[in-house]
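Geometric and topological summary
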Amino acid sequence: MDKQQLWQRYQDWLYYHEGLGVYVDISRMRFDDDLVKQLTPKFEKAFADMEALESGAIANPDEGRMVGHYWLRAPELAPNEEARKEITEPLANIAQFVQKVHQGTIKPPTAEKFTDILSVGIGGSALGPQFVAEALPSDDPPMIIHFIDNTDPAGIDSTLKTIGDRLKSTLVLITTKSGGTPETRNGMLEVKHAYESKGLKFEPHAVAVTMPGSKMDKIATDWLARFPMQDWVGGRTSELSAVGLLPAALQGINIDGMLIGAKEMDEATRVKDIKTNPAALLALAWYYSGNGKGEKDMVVLPYKDSLLLFSRYLQQLVMESLGKEKDLDGNTVYQGIAVYGNKGSTDQHAYVQQLREGVPNFFVTFIEVLEDGRETPFEIEPGVTSGDFFIRVFTRNQTSLI
């Protein structure tokens, strides 16, 4: 394509959401109009299936469960009053609990206030809260968060050593849907042992986030508090349930803003038109890149330090969701999309050499930074800031890699 054609294609395919300030540009992907026409019936079916899913249709035939994480940010869409209460009541309880913790009304037995959070979980019970802690940190957090997300004794010891004497003022969140996950159970027992070895009781420091009636729910009857996980929310999509909202609120992160933003994006992805639906645009680009079968890996390059964990979060969200041996009809398909990445600027000094000149077994999803986030600019050269460098570097690499 010449420059004029590229410019016209950019204009034809650029998406912008004014409320969220989000752009999606798939114009550099080389799909043609014939592919769009071919896929239009599939998208129409997908739009209808999504509408049914969000209305409470059984989406998991093996377990007979609804999939309702969309309702977490829009309780009014839940199919019945019981489901709505499962959302609104925990939200109110989280707000009250966090306020009391921050005020010191709820406090540990041997300290004036809780100063730290220790989150113990694995998979969706850890990655979501970790990602949000990195991506949306409070400027002056009322509590500092730490994570145990593996059953590695050395890693556990390192985390506990970092907390040190503040263990007596640490609030421990044990997050497990079933209560039967061995890694989370091991982490809980290790932390409990750490308290007892210092002559402290574990229970006045412990909070459970789990399904009502689970093994963990029964263990935690004498703990400081318990918050429910919903049966119809999967671990990898649980960030906007108590799994993610409780630790975020304790850190001083605006969870109301998180819910509002997620709701607005949900509404954008319900639009039944490929060109004006950001999720549909990405699906089109990814389908084209992998020939509809995930034949190429996705490299994620976010040009922002706070998005360091984004590729790890996407690995679980995309690979666990799409990695399938069989389709719903029982056909063997071996489908999925492998995801990897780190940070844009860092990757340019790491594996971009192979991306430029090696095996063409990937496509790239760039996360561009439009503003560097610094209120008072500092010029490292006349008229140039550090932020200008990584924005320019993004533009250069987008041209060379897509």
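Residues numbered from 1 in each chain as written. Predicted model: local features only at pLDDT ≥ 70, side-chain atom pairs only at ≥ 80, totals over all residues. Heavy atoms only, no water.

A word on empty space enclosed by the protein
Scanning the model with the defined rule gives one cavity of 30 Å³ or more in all. Computed from the structure, the largest cavity encloses a volume of approximately 70 Å³. Lining the largest cavity we find Leu 72, Glu 86, Ile 87, Pro 90, Leu 91, Ile 94, Pro 228, Gln 230, Leu 240, Ser 241, Ala 242 and Leu 245. Those elements giving two or more residues to the lining of the largest cavity turn out to be helix 3 (81–103) and helix 8 (242–250). Broken down by element, the residue count for the lining of the largest cavity peaks at five residues, all from helix 3. Among the residues forming the lining of the largest cavity, the class breakdown is nine nonpolar, two polar and one charged. (1 Å grid on protein atoms, 1.4 Å probe; cavity = no way out; pocket = protein on both sides within 12 Å on 5 of 7 lines; lining within 4 Å. Points joined across faces, edges and corners; volume = space filled by probe spheres on them. Helix = DSSP H or I, 4+ residues; strand = E, 2+ residues; numbered from the N terminus. Nonpolar A, V, L, I, M, F, W, Y, C, P; charged D, E, K, R; others polar.)

A word on the pattern of salt bridges
Inspection of the entire model under this criterion finds 13 salt bridges. A salt bridge links Arg 166 to Asp 116, with the shortest nitrogen-to-oxygen separation between them at 2.9 Å. Of this pair, Arg 166 sits in the loop between helix 5 (153–163) and strand 7 (170–175) while Asp 116 is found in strand 5 (residues 116–120), placing the two residues 50 residues apart along the sequence. Overall, the relative accessible area of 36% leaves Arg 166 in the partly exposed class. Lys 192 serves as the salt-bridge partner of Glu 203, at 3.9 Å between the closest nitrogen and oxygen. Remark: Lys 192 occurs in helix 6 (residues 182–197) and Glu 203 occurs in the loop between helix 6 and strand 8 (206–210); sequence separation between them is 11 residues. Judged by its relative accessible area of 27%, Lys 192 is partly exposed. (Salt bridge = Lys/Arg side-chain N within 4 Å of Asp/Glu carboxyl O. Buried < 20%, exposed > 50% of the residue type's maximum accessible area, 1.4 Å probe, protein only.)

Examining the packing of aromatic side chains
Taken as a whole and assessed by the stated rule, the structure comprises 13 aromatic pairs. The interplanar angle of 40° and the centroid separation of 6.2 Å between the aromatic rings of Phe 43 and Phe 47 together place this pair among those described as tilted. Here the residue Phe 43 and the residue Phe 47 both occupy positions in helix 2 (residues 33–54), the gap between them amounting to four residues, near one helical turn. You'll find Phe 43 and Phe 47 in the same group, each marked buried. (Phe/Tyr/Trp six-rings, centres within 6.5 Å; stacked < 30°, edge-to-face > 60°.)

Comments concerning the packing of helix 4 (residues 124–135) against helix 8
In contact at an axis separation of 9 Å, helix 4 and helix 8 are set at 40° when each is read in the N-to-C sense. For the crossing formed where helix 4 meets helix 8, the hand is right-handed. Counted together, Gly 124, Ser 125, Pro 129 and Val 132 of helix 4 and Val 243, Gly 244, Pro 247 and Ala 248 of helix 8 form the full contact between these two elements. Split into classes, the residues belonging to the contact of helix 4 with helix 8 amount to five nonpolar, three polar and no charged. (Axes fitted to C-alpha atoms, helices over the stretch in contact; angles between N-to-C directions. Left-handed = near helix turned anticlockwise from the far one by under 90°. Contact = heavy atoms within 4.5 Å.)

Points about helix 2
An α-helical turn contains 3.6 residues, so a residue and the one three or four places further along point in the same direction. A rise of 1.5 Å per residue sets the reference length of helix 2, with its 22 residues, at 32 Å; its end C-alpha atoms lie 30 Å apart and thus fit the reference within 8%. At Thr 40, helix 2 is deflected by roughly 40°, the largest bend along its length, and proline Pro 41 occurs up to four residues later in sequence. Listed in full, the buried residues belonging to helix 2 are Leu 35, Val 36, Leu 39, Phe 43, Phe 47, Leu 53 and Glu 54. Two or three places before Asp 34, at the start of helix 2, stands the capping residue Asp 32, its side-chain oxygen 3.2 Å from that residue's backbone nitrogen. (Expected span 1.5 Å × (residues − 1). Bend = angle between axes of the 7 residues up to and from the residue. Polar contact = N/O pair within 3.5 Å; in protein donor to acceptor, adjacent residues only side chain to side chain.)

As for the sheet that holds strand 13 (residues 339–341)
Sheet strands pair via backbone hydrogen bonds, and the direction of the pair is either parallel or antiparallel. Read across the sheet, three strands follow the order 13-10-14 without closing on themselves; strand pairing throughout is parallel. One side of each edge strand has no neighbouring strand; the edge strands of this open sheet are strand 13 and strand 14 (362–367). Sheet twist, expressed as the mean angle between neighbouring strand axes with direction ignored, is 30°. As judged from the three bridges shared by strand 10 (residues 297–302) and strand 13, these two strands associate in the parallel manner. (Pairing = 2+ DSSP bridges.)

Topic: the sheet that holds strand 9 (residues 225–228)
Here we have five strands laid out as an open sheet, ordered 6-5-7-8-9, and parallel in their pairing. Each end of this open sheet is capped by a strand with a single partner; those strands are strand 6 (144–148) and strand 9. Geometrically, the sheet is characterised by an average inter-axis angle of 20° between neighbouring strands, direction not taken into account. Of the pairings in the sheet, the one linking strand 8 to strand 9 comprises four bridges and is parallel in character. Residue pairing across strands places Thr 210 opposite Pro 228, the latter belonging to strand 9. Sheet strands touched by helix 3: strand 7, strand 8 and strand 9. Its angle to strand 9, the strand with the most contacts, is close to 150°.

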